[in-house]
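Secondary and tertiary structure notes
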Amino acid sequence: MKNNYFCLMNRSTPILQVLICTFGNDGISKVAEGIHPEIAGVEYLVSWQSCAENPTIPQELDRHDFKIIISNTKGLSRNRNIALDAATAKYCLISDDDVDYDADGLQKVIDVLENNRDICIATFKYSGKDIKVYPDYIFDLNKPPKNYSLSSIEIAFRREPVIKSGIRFDERYGVGAEFIAGEENLWIHYLLKNGLTGRFFPINIAFHNGESTGSRLASDPKLIECKGAVFTHLYPGTWILRMIRHALRCRKTGWKLGKMSYCRFWISGALKAKKCTNC
């Protein structure tokens, strides 16, 4: 099945597109059940990876402010790239199928990007089942505070400079790929390394109904392997020291996996990442 396009066009060109990625019938049902307020200048662009021969779009999404792209591809990063390619708005906000919005949060995304024209990327906060602690001040993404962690659904950006940069989501990372997470960290890392500017703003923009990948798979060795792979990109000179520190920290929290096993999984990921880089 080729990529298909289902679109009830917005009467005006959107200022902000919310790029929702989802997979399968369960995923598109989550989108239909979610809260997506109708706001002037906002469009919801859904990239739906469907394996069905004749996929049926829920009636709830038959709205003028929804655009739906259907493909038979797999992998979250592949889906993110499809959404990026299809986006047309001045500003974009990355999203998933289990995120709810209100008009105030989405308007704040637009306002921040309108009022901070020197930046290309803005990251925010979300509330939900995950208990995530954020700094209470604005900071440069090139100089994040200690223990700051980034989630994909917090990222908004100016579409034009991001597209011009040529930086894509690495399709070896993310759900459905060789490495199960880390795609957003690498994407932001290489955008910043390429000269794009960004800031964090302590503003809540959404409610996340599910658990993050990091929380859901915290004790999965595949996530440790993924950390090893990601850290070779983010910290090529110090990833070994960081591995040891993480291993000691996890051991102190009472996790049953031993320090040597933790390091073994981490190194396995680092070696796989280096092998792929040199292919």
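Described in the following lines is the structure provided in the data block.

What counts as what
Residues numbered from 1 in each chain as written. Predicted model: local features only at pLDDT ≥ 70, side-chain atom pairs only at ≥ 80, totals over all residues. Heavy atoms only, no water. Pairing = 2+ DSSP bridges. Helix = DSSP H or I, 4+ residues; strand = E, 2+ residues; numbered from the N terminus. Core = buried A, V, L, I, M, F, W, Y, C linked by side-chain atoms within 4.5 Å. Buried < 20%, exposed > 50% of the residue type's maximum accessible area, 1.4 Å probe, protein only. Contact = heavy atoms within 4.5 Å. Expected span 1.5 Å × (residues − 1). Arc of directions from axis to C-beta.

1. A few points about the pairing of strand β7 (residues 121–128)
In this sheet, strand β9 (residues 155–158) lies alongside β7 in antiparallel orientation, the contact comprising 3 bridges. When the sheet's bridge partners are listed, T123 is paired in β9 with I155. As defined by bridge partners, β7 adjoins strand β10 (residues 198–208) across 6 bridges and the pair is classed as parallel. Bridge assignment links T123 to a residue of β10, and that residue is F200.

2. Comments concerning the nonpolar core
Soluble, globular proteins show a tendency: their nonpolar side chains are buried together. The biggest cluster of nonpolar side chains holds 63 residues, and the ones touching the most others in it are L93, L106, I121, F157 and W187. With near-sequence residues (within four places) excluded, I121 lies in contact with L141, I155, A156, F157, I188, L191, L192, L196, T197, G198 and R199. Counting 20 residues, the second-largest nonpolar core is a separate cluster that includes A181, A229, V230 and C263.

3. Points about helix α2 (residues 76–86)
Of all 11 residues in α2, 9 are buried; the element is thus mostly enclosed. Residues of α2 that are buried include every one of L76, S77, N79, R80, N81, I82, A83, L84 and A86, and no others.

4. Notes on helix α3 (residues 103–115)
One full turn of an α-helix is made of 3.6 residues, so residues set three or four places apart face in the same direction. In this model, α3 (13 residues) spans 18 Å end to end at C-alpha, consistent with the 18 Å of a helix rising 1.5 Å per residue. Looking only at α3, the buried set comprises G105, L106, V109, I110, V112 and L113. Mapping the buried residues of α3 onto a view down its axis gives an arc of 160°, with all of them on the same face. In the core, the buried residues of α3 are packed alongside β2 (16–23), β3 (42–49), β5 (91–96), β7, β9 and β10.

5. What about the pairing of β5?
The buried count for β5 comes to 6 of 6 residues, which makes it a mostly enclosed element. Of the two faces of β5, the one carrying Y91, L93 and S95 and the one carrying C92, I94 and D96 are both buried. Where β5 lies against β9, 3 bridges are found, and the strand directions are antiparallel. In the strand pairing of β9, Y91 is matched with R158.

Interpretation in functional terms is not warranted from these geometric data alone.
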